[in-house]
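Fold and contact review
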Amino acid sequence: MSQAKPFEISRQVVWEAYKRVRANRGASGVDEESIQDFEANLEDNLYKLWNRMSSGSYFPPAVRRVEIPKASGGIRPLGIPTVTDRIAQMVVKIYLEPKVEPCFHKDSYGYRPMKSAIEALGVTRERCWRYDWVLDLDIVGFFDNLNHELLMRAVRKQTDCKWIALYIERWLKAPVQLEDGTLINRERGTPQGGVISPLLANLFLHYALDKWMTRCYPEIAFERYADDAVFHCVTEREAKALKMAVGKRLAECRLELHPEKTKIVYCKDDRRRGSYSDEKFDFLGYTFRPRGAVDRSGKLFVGFNPAVSDDAAKSMRRTMRKWKLHRRADKELLDLSRMYNPVIRGWVNYYGKYYKTGLYPTFYHLNRTLIKWAMRKYKRFRNHQRRAAYWLVEKAKRDPQLFAHWQMGAKPLAAGR
């Protein structure tokens, strides 16, 4: 490494950053350069990036904004940096993450090594059995409203590395380019989609919320996944007081609680009498609410449990419709399983972790589409839905491993009735 450079950045770290960005893939930024384009002159491009970052002369380009639909409706603005900028952000993340990670709260689960959404859901589920009340928190436009001054104060608390702070500040100020080419300067927020954004979000909320909760309300358990958080309270009164206090705290940090989406929920089950206006909440694609269940002795009871949310199920069905699977008469059933099983298996592994029967209606929709495919592909099934359904049932009996949702019990039989 050249000692003439003002900042000591390892070339090996730049190489490692490139490998991680390549593994994550991703779309091109404002320069329309893809990973493949970048790799056409890989060694020279990586050297230029290292040289500019080490000398302090790296300035990030604008971030390309695209709008993607939310599962719950509306749109989510996503910021897509260039390939070079994603690598630069990954370099900073590789250096910064080991410094901040040991300081984070044990119940902060979002975008952290060795932490997961499934783990957060499991902890939430157990605590809903122990505590009667939940404060379901929602922050208005969190990523779009992060205060730059407060965020940089948090960064400098965690590291005295000048070049890390320098580049983070430049990324925060980098303009956004809309689809029509218009550039918008940013005075607050960090774009969702940036490599460094989740780490910065966690760092901000570590000081704005997690440490504050530990200091002021150490007796109240909570789970946070990025800007989604759930707090567990013993009484409704405690939940109402906490809601007011959290709202005040976030206002001090230039953030705002969503007045409609932030709510107090009663975790109703067989042991808890009475009723309340809100007895369910959504968290990480699951809906927690009273549900029928069977105990170890086979007795039916009502428990407060999670299952796939309506929004997540709608999103899955929307994806299935985009496949136009029933029109793929040129493919065999085995071809279809190979094409779509990776996605289906991902849904099963995540949304089938708790109360997997909640997925059955969604996968029956997929089975019905497979029946339509069979009717289109085979002449003997034209205008004979029941025959096609029974044929698919026999296929599932002979080869239940063929589709991932068949393996979890969502067989075609019900779809053909």
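Throughout what follows, the structure given in this document is the object of discussion. Along each chain, residue indices are assigned from 1 in the same order as the chain's sequence is written. Totals for whole chains, interfaces and linings use all residues, but because this is a predicted model, local features are given only for residues with pLDDT of at least 70 and pairs of side-chain atoms are given and counted only at 80 or more. Values reported for side chains reflect all heavy atoms of the structure, with hydrogen atoms and water molecules removed beforehand.

**Let's talk about the overall build of the protein chain**
A tally of helices and strands in the protein chain yields 15 helices and eleven strands. Seen through its principal axes, the protein chain has C-alpha atoms that stretch 75 × 60 × 40 Å. Across the 417 residues that make up the protein chain, the buried fraction comes to 49%. For the protein chain, contacts bridging at least 24 residues in sequence account for 68% of all contacts bridging at least 6. For the protein chain, the computed accessible surface area is about 21300 Å², with 49% contributed by carbon and sulfur atoms. Charged-residue counts in this description rest on Lys and Arg as positive and Asp and Glu as negative, His and the chain ends being excluded. Taken as the charge location is NZ of Lys, CZ of Arg, CG of Asp or CD of Glu. Of note, the protein chain has its 76 positive side-chain charges centred 7 Å away from the centre of its 49 negative side-chain charges. Secondary structure is summarised from DSSP: a helix means a run of H or I of at least four residues, a strand means a run of E of at least two, and numbering begins at the N terminus for each. Three exposure classes are used, based on accessible area relative to the maximum for each residue type with a 1.4 Å probe and protein chains only: buried under 20%, partly exposed in between, and exposed over 50%. Here, residues are in contact when the closest pair of their heavy atoms is within 4.5 Å. Residue exposure ignores everything except the shown protein chains as possible cover, and the areas themselves are Shrake-Rupley values with a 1.4 Å probe.

**Some details on the sheet that holds strand 4 (residues 176-177)**
DSSP calls a pair of strands paired once it identifies at least 2 bridges connecting them. Taken in spatial order, the four strands of this open sheet run 2-1-4-5, and their pairing is mixed. Among the strands making up the open sheet, the edge pair consists of strand 2 (75-80) and strand 5 (183-184).

**Quick look at the nonpolar core**
Buried Ala, Val, Leu, Ile, Met, Phe, Trp, Tyr and Cys residues that are joined via side-chain atoms within 4.5 Å together make up what is termed a nonpolar core. Core analysis: the largest hydrophobic core is formed by 73 residues, its most contacted members being Met53, Trp163, Ile168, Phe204 and Phe231. No other element matches the eleven residues that helix 9 (residues 197-216) contributes to this core. Not counting chain neighbours up to four residues away, the residues in contact with Ile168 comprise Val92, Leu96, Met152, Val155 and Leu200.

**Focus: a positive patch on the surface**
Exposure above 30% relative accessible area and the absence of a salt bridge qualify a residue for a patch, where like charges join within 9 Å and nonpolar side chains (Val, Leu, Ile, Met, Phe, Trp, Tyr) within 5 Å. The rule for a salt bridge is simple: a side-chain nitrogen of Lys or Arg has to be within 4 Å of a carboxyl oxygen of Asp or Glu. A cluster of basic side chains, namely Lys324, Arg327, Arg376, Lys379 and Arg382, defines a positive patch on the protein surface. Among the secondary structure elements, Lys379 is positioned in the loop between helix 13 (360-377) and helix 14 (385-398).

**What about unusual backbone geometry?**
For Tyr355, which is not a glycine, the phi torsion comes out positive at approximately 50°. Turning to its location among the elements, Tyr355 is positioned in the loop between helix 12 (333-351) and helix 13. In this structure Tyr355 comes out as partly exposed when scored by relative accessible area, which is 31%. For Asn383, which is not glycine, the phi torsion reads 65° and is therefore positive. In this fold, Asn383 is placed in the loop between helix 13 and helix 14. Classification of Asn383 as exposed rests on a relative accessible area of 76%.

**Let's talk about the sheet that holds strand 6 (residues 221-225)**
Taken together, four strands build an open sheet; the order of strands is 6-7-3-8 and the sheet is antiparallel. The open sheet has two edge strands, strand 6 and strand 8 (263-266), and neither has a second partner. For this sheet, the mean inter-axis angle between neighbouring strands, taken without regard to orientation, is 20°. As defined by bridge partners, strand 3 (residues 133-137) adjoins strand 8 across four bridges and the pair is classed as antiparallel. Bridge pairing in strand 8 links Asp136 to Lys263. Along the sheet, helix 9 makes contact with strand 6 and strand 7 (228-233), crossing strand 6 at roughly 175°. A fitted line through C-alpha atoms serves as each axis, taken over the contacting stretch for helices, and the angle formed by two N-to-C directions is quoted from 0 to 180°. Set on the sheet, helix 10 (residues 236-252) makes contact with strand 3, strand 7 and strand 8; between it and strand 3 the angle comes to about 20°.

**Concerning the packing of helix 11 (residues 310-323) against helix 13**
Interaxial distance between helix 11 and helix 13 falls to 10 Å at its minimum, and their mutual angle equals 10°. By the criterion of interaxial angle, the relationship of helix 11 to helix 13 is roughly parallel. Contacts between helix 11 and helix 13 involve Ala313, Met316, Arg317, Met320, Arg321 and Trp323 from the first element and Thr362, Phe363, His365 and Leu366 from the second. Each residue is assigned to one of three groups, with Ala, Val, Leu, Ile, Met, Phe, Trp, Tyr, Cys and Pro labelled nonpolar, Asp, Glu, Lys and Arg labelled charged, and all others, Gly among them, labelled polar. Residues that form the contact of helix 11 with helix 13 fall into these classes: six nonpolar, two polar and two charged. Any angle that falls under 35 degrees is termed roughly parallel, while one over 145 is termed roughly antiparallel, one within 65 to 115 roughly perpendicular, and all others oblique.

**A look at the pairing of strand 1 (residues 63-69)**
Sheet topology places strand 1 next to strand 4; two bridges connect them, and they run parallel. If you follow Val63 over to strand 4, its bridge partner there is Val176. Note that strand 1 and strand 2 share six bridges and pair antiparallel. In the sheet register, Arg64 faces strand 2, and the bridge partner there is Ile80.

**Things to note about the state of the cysteines**
Here a disulfide denotes a covalent bond joining the sulfur atom of one cysteine to the sulfur atom of another. Our working definition of a disulfide is a cysteine sulfur pair at a distance within 2.5 Å. According to the stated counting rule, one finds zero disulfides in the structure shown. Between Cys161, a cysteine without a disulfide, and Cys103, which holds the nearest cysteine sulfur, the sulfur-to-sulfur distance is 16 Å.

**Structural notes on the pattern of salt bridges**
Enumeration over the complete set of coordinates arrives at 19 salt bridges. Measuring nitrogen to oxygen at the nearest pair gives 2.7 Å for the salt bridge that ties Asp132 to Arg272. Placement of the pair is Asp132 in the loop between helix 5 (117-130) and strand 3 and Arg272 in the loop between strand 8 and strand 9 (281-283), with a sequence separation of 140 residues. The exposure class of Asp132 is partly exposed, given its relative accessible area of 27%. Accessibility expressed as a relative area gives 3% for Arg272, which makes it buried. Residue Lys397 is joined to Glu394 by a salt bridge in which the shortest nitrogen-to-oxygen separation is 3.6 Å. With Lys397 and Glu394 both in helix 14 and three residues apart, the pair spans about one turn of that helix. Look at Lys397 and you get exposed, because its relative accessible area is 59%. Residues joined by salt bridges that share partners form a network here, namely Lys106, Asp107, Arg127 and Glu223.

Keep in mind that these numbers describe shape and distance, not what the molecule does.
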